[in-house]
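Tertiary structure, described
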Amino acid sequence: MQNERPAARLPDGIRIYAIGDIHGRADLLEALLRQIDADCTLYPSSRPIVVFLGDYIDRGPASRQVLDLLLGCQRTKEAVFLRGNHDNFVRRFLSSPAVLDEWRLYGGLETLVSYGLKPSINPGVPEQRQLAKELEKSTPERHLEFLDSLNLSFNCGDFLFVHAGIRPGVPIRKQKEEDLLWIREEFLSCEQRFEKFVVHGHTPVRAPDIRSNRINIDTGAFATGRLTCIVIEGAAIVPLIDVREWMRNAASIRAAQNTQTRIEPAAWTLAT
């Protein structure tokens with residue numbers, strides 16, 4: 001029976017730090033990466049992996065700086081970078097400037113500004129073409145290569161990491177990119193257990209939303225200032241504290257670390 005299935009677990013020795021939608025908040029990401037480093041120092045793991053759930057650009061003020069931070073993380077950590085629906089817009093815009101009519105509704109103008117461009121609020125066709133040319137010149141090739149390299153999903157143990165979710169009733173191996181990047185209601189309203197426990201973002205929530213079959217960790221960082229990271233080890237999920245609180249109270253946290261007291265809330269253990 002469904003209720004008798006064991007709790008989802010990661011393989012022994014693996015710890016995953018999963019990070020929700022960043023959306024151009026380089027300030028929060030930089031602080032969170034320092035916090036992860038501190039956590040790894042205080043609580044060593046044989047194999048810590050950082051998993052980013054996508055939507056690195058748009059809406060927030062510093063998309064370019066976010067990509068630079070992620071590239072640095074790529075060099076220094078074992079990391080998995082998933083694709084979000086927003087992360088496709090740069091290539092689409094460079095290939096077809098008219099895409100800006102859609103992209104600007106998703107916060108694309110903020111991304112252009114982060115690369116030094118000065119778009120109007122509602123660019124017409126000539127301006128769209130000019131902006132595409134300017135963005136192509138302004139975007140480092142390493143940024144485009146990074147965006148092209150993003151994965152659609154990541155499996156580890158009994159967990160599936162994906163940006164938006166999966167379509168219920170469809171095997172994971174047969175999921176479509178459109179659903180992995182964009183699905184909402186059909187996935188969010190599903191109470192049946194999936195093949196794996198799903199860790200996702202895409203739909204903003206006030207606080208991490210944990211259910212019997214999934215957890216949503218998109219806490220709307222661009223608007224709320226809350227960039228969520230959860231730590232998964234064994235069958236336990238531990239939320240790291242609010243990054244804004246960590247930034248305000250770094251000294252207190254260092255003191256807590258010196259006493260070997262975990263500073264995060266109590267772990268959630270996935271029920272059978």
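All values reported here derive from a predicted model rather than from experimental measurement. (Residues numbered from 1 in each chain as written. Predicted model: local features only at pLDDT ≥ 70, side-chain atom pairs only at ≥ 80, totals over all residues. Heavy atoms only, no water.)

**A short note on the pairing of strand β9 (residues 229–233)**
Burial within β9 is extensive, with four of its five residues counted as buried. As paired strands, β9 and strand β10 (residues 236–239) are joined by four bridges and run antiparallel to one another. Counterpart to Ile 232 in the pairing with β10 is Ile 237. What sits between β9 and β10 in their antiparallel hairpin is a turn of two residues, with Gly 234 showing a positive phi close to 60 degrees. (Buried < 20%, exposed > 50% of the residue type's maximum accessible area, 1.4 Å probe, protein only. Helix = DSSP H or I, 4+ residues; strand = E, 2+ residues; numbered from the N terminus. Pairing = 2+ DSSP bridges.)

**Points about unusual backbone geometry**
The residue Arg 59 is not glycine, and still its phi comes out positive at about 70 degrees. Relative to the helices and strands, Arg 59 is located in the loop between β2 (47–52) and α2 (63–76). Even without glycine at this site, His 202 takes up a positive phi of about 80 degrees. Following the sequence through the fold, His 202 ends up in the loop between β6 (197–200) and β7 (209–210). Classification of His 202 by relative accessible area gives buried; the value is 4%.

**Description of the nonpolar core**
Ranked by internal contacts, the top residues of the largest apolar core, which has 44 residues, are Phe 52, Tyr 56, Leu 70 and Trp 103. The greatest single-element share of this core, amounting to six residues, is contributed by helix α1 (residues 26–42). With 21 residues, the next largest nonpolar core counts Leu 10, Ala 18, Leu 53 and Ile 217 among its residues. (Core = buried A, V, L, I, M, F, W, Y, C linked by side-chain atoms within 4.5 Å.)

**Focus on α2**
Working note: α-helix, 3.6 residues per turn, so residues spaced by three or four point in the same direction. Taking 1.5 Å per residue, 14 residues should reach 20 Å; α2 reaches 20 Å between its end C-alpha atoms and fits that length. Turning to α2, its buried residues are Ser 63, Val 66, Leu 67, Leu 70, Leu 71, Gly 72 and Cys 73. Those residues of α2 that are buried lie in contact with α1, β2, β3 (79–81), α5 (108–114) and α7 (141–148). (Expected span 1.5 Å × (residues − 1). Contact = heavy atoms within 4.5 Å.)

**Regarding the packing of aromatic side chains**
Tallied over the entire structure, the rule returns 11 aromatic pairs. Aromatic side chains Tyr 106 and Trp 182 sit 5.7 Å apart centroid to centroid with 80 degrees between the ring planes, which places their arrangement in the edge-to-face category. You can see Tyr 106 sitting in the loop between α4 (100–103) and α5 and its partner Trp 182 sitting in helix α8 (residues 177–182), a full 76 residues away along the chain. With a relative accessible area of 26%, Trp 182 lands in the partly exposed category. Seen from their ring centres, Phe 159 and Phe 161 are 6.3 Å apart, and the 25 degrees between their planes marks the pair as stacked. Here Phe 159 and Phe 161 have matching classes, each one buried. Each member of the aromatic cluster is reached from another via a ring pair, and the members are Phe 89, Phe 93, Trp 103, Tyr 106 and Trp 182. (Phe/Tyr/Trp six-rings, centres within 6.5 Å; stacked < 30°, edge-to-face > 60°.)

**Thoughts on the sheet that holds β7**
In space, the five strands of this open sheet follow the order β4-β5-β6-β8-β7, with mixed pairing throughout. Where the open sheet ends on each side, the last strands, each with one partner, are β4 (153–156) and β7. Pairing analysis gives three bridges linking β6 to strand β8 (residues 214–216), with the strands arranged parallel. Bridging from a neighbouring strand, Val 198 pairs with Arg 214 of β8.

**Things to note about the pattern of salt bridges**
A complete count under the given rule lists 12 salt bridges for this structure. With a shortest N-O distance of 3.1 Å, Lys 77 and Asp 37 are connected by a salt bridge. Separated by 40 residues along the polypeptide, Lys 77 in the loop between α2 and β3 and Asp 37 in helix α1 bring together distant segments of the chain. Relative accessible area serves as the criterion here: at 22%, Lys 77 is assigned to the partly exposed category. Given a relative accessible area of 37%, Asp 37 falls into the partly exposed group. (Salt bridge = Lys/Arg side-chain N within 4 Å of Asp/Glu carboxyl O.)

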